[in-house]
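# Structure assessment
So you can see what is in the structure, the chains are spelled out below.
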Amino acid sequence: MKASYGQVVLVDNGYFFPEDDLHKDVSWFLMDAMKVLGTDAVGMSEKELRFGVGYLKAQVKRTQLPMVCANLYEKKTKKLLLQPYVLKQVGTVKVGIFGLMSNTVDLGPMKDSLTVEEPSAAAKRMVAELRKKGATVVVLLSQLGKVESEDLVTAVEGVDAIMVGHNVPLLQKGRTIKNTVACYGGEQGQYIGRTVITLDPQRRKATADNETFILSAEVGERKEIAALVKGFEDSFNEKLQKAEKERAAKEQAKATSPSPDHYLGAEVCIRCHAQEGEQWKTTRHARAWQTLVDGKKDATPECVGCHVVGYKQPGGFVSVTATPTLTNVQCESCHGMGTQHEALTASPRRITAETCRQCHTATNSPTFDFALYQPHVAHKYAGTPPPLPEGHGTSMQRAAGGK
Ligand code: HEC
Ligand code: HEC
Ligand code: HEC
Ligand code: HEC
């Protein structure tokens, strides 16, 4: 573009700091790269505040990158955090470029120390100031999003070109809104937008249009940028590998320590499975602990096992004070550990007699018959299940002291 057009300014709209802490280094790297590319002005959003004001200011100072924002103030000093604009002489033309961010975004932990002025007031002031200083063309780097950006240039006169940013979908041909040509830039640095403005003999804008191009292979590489990228990726990769090793070591340490998985208790399940919960509460399983309490057998180890959840298992019942939510025969006694719920839903398994037989043993449940017992616990049984065999529960009543 610099080869095809005589008078060119190169801008970046901002919103380039990474979302996650792991990739923090990408932020300073991109700033270095923009500097090498000779970027004339860079916009600003709440994203660039992610790692703190100190970090951003240090990087701006280090790179001398011309980041601009005309409506972001430090509360304490009432001063702008960054320079509001850049006024640049290109050939015979003076281009004024200013930046704006949204006053409705969440500044996160920065909201106590920073404040954002209402954007259209700042825009009016900037246009007046830049024109007064002799700007032939005024460009706005906007992080207000699509709707707010378009509203602003409809209401505020004198912006010749706007870069529309903040999660804005790519438009290959930019629109003209009233007297402003808009660029809808695309994402992940894969596109470059070109706004061409021609001036009439009175140095007023005669025509303006915008188009966005994908930066495909035929654009080619710039040597010093390619070297910068390689250097960065190599060292960054090493850093990620180290972090990954540390994470893996931690995971391993966790895996060898007891019960990463545990039982959750029915109350958790019932939050989502209310119907099953209602039915379960009507079963004897939901009162199995009370049976032992009534028989004063709730502290007898040989009795507790089948009347609670996950007895003597990692993550299971320990005592009524340590694990008060794991008394009774609950959902997880039949369905398995709640922390493995995903595996549970991935391959729903039919509950077989085996599941019941852990507790319904020949000694403790001599009358057990899966076909007869199952309808009493399956939650969706229509109507009244057939009665249980004669004598059910009696052997256990004897064990409890012969009621
Ligand atoms: C946050 C909500 C939620 C909680 C809490 C929850 N579940 Fe689920 N569960 C679901 C959803 C949703 C499905 C259905 C998934 C599907 O159909 O693929 C499901 C599926 C199931 C199934 C399989 C049903 C089938 O045959 O496909 C079982 C069994 C189950 N849950 C048991 C439990 C148990 C036991 C607990 C408590 C330890 C529990 N759930 C806690 C939401 C929950
Ligand atoms: C963790 C142990 C355990 C598992 C697993 C278990 N049960 Fe039970 N079940 C009990 C206990 C304990 C009681 C008695 C509760 C009470 O009254 O105190 C009981 C009672 C019952 C009763 C009521 C019996 C009566 O006399 O009224 C039915 C029906 C039943 N279970 C069916 C089943 C079925 C079917 C399964 C398998 C799908 C199953 N249970 C799995 C422990 C278990
Ligand atoms: C191996 C598992 C298991 C052990 C251990 C166990 N129970 Fe049970 N208990 C059950 C099952 C299963 C039932 C339901 C039996 C049925 O309905 O056929 C039951 C039922 C009962 C009942 C009858 C509830 C009713 O009114 O129907 C009482 C009382 C009882 N158990 C007390 C005890 C006592 C006391 C001990 C310790 C001596 C004990 N259980 C040990 C599994 C066990
Ligand atoms: C005594 C064993 C037992 C207990 C306790 C139990 N379930 Fe079930 N559950 C079953 C059986 C049997 C089915 C029928 C499907 C099958 O055979 O797998 C079932 C089915 C389900 C399903 C699948 C949808 C449906 O209703 O058919 C969900 C979800 C479920 N149970 C959740 C729960 C929750 C939540 C609890 C506790 C509040 C619970 N279960 C307690 C045995 C049990």
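Residues numbered from 1 in each chain as written. Chains lettered and ligands numbered in written order. Predicted model: local features only at pLDDT ≥ 70, side-chain atom pairs only at ≥ 80, totals over all residues. Heavy atoms only, no water.

### Here we look at the coordination of the iron atom of ligand 3
Its sole protein donor being His 307 (NE2), the iron atom of ligand 3 sits 2.3 Å from that atom. Relative to the helices and strands, His 307 resides in the loop between α9 (301-304) and α10 (331-335). (Donors = N, O, S within 2.8 Å, 3.2 Å for Na, K, Ca; no water. Helix = DSSP H or I, 4+ residues; strand = E, 2+ residues; numbered from the N terminus.)

### Side note on the sheet that holds strand β10 (residues 180-184)
The 6 strands lie next to each other as β4-β5-β7-β8-β10-β9, forming an open sheet whose pairing is mixed. Only two strands of the sheet have a single partner each, and these edge strands are β4 (85-90) and β9 (176-177). Two strands pair when backbone bridges link them, and strand β5 (residues 93-101) and strand β7 (residues 137-143) are joined in this way by 7 bridges, in the parallel orientation. Paired with Val 95 across the two strands is Val 137, which belongs to β7. (Pairing = 2+ DSSP bridges.)

### Remarks on the coordination of the iron atom of ligand 1
On the protein side, the iron atom of ligand 1 has His 273 (NE2) and His 341 (NE2) as donor atoms, found 2.0 Å from it. With 6 donor atoms in place around the iron atom of ligand 1 and angles of 88 to 179° between them, the coordination shape is octahedral. With a gap of 68 residues between them, His 273 in the loop between α6 (266-270) and α7 (274-281) and His 341 in helix α11 (residues 341-346) connect regions that are remote in the sequence. (Tetrahedral: all angles 85-135°; square planar, octahedral: opposite > 155°, others 65-115°.)

### A look at the site of ligand 4
In the vicinity of ligand 4 there are 18 residues, among which Glu 276, Cys 331, Cys 334, His 335 and His 379 approach most closely. In the model, an oxygen atom of ligand 4 is placed 2.8 Å from a nitrogen or oxygen of the Glu 276 side chain. In the environment of ligand 4, an oxygen atom lies 3.0 Å from a nitrogen or oxygen atom belonging to the backbone of Ile 351. Of all the elements in the fold, those that place two or more residues in the shell around ligand 4 are α6, α7, α10 and α13 (370-377). (Near = heavy atom within 4 Å. Polar contact = N/O pair within 3.5 Å; in protein donor to acceptor, adjacent residues only side chain to side chain.)

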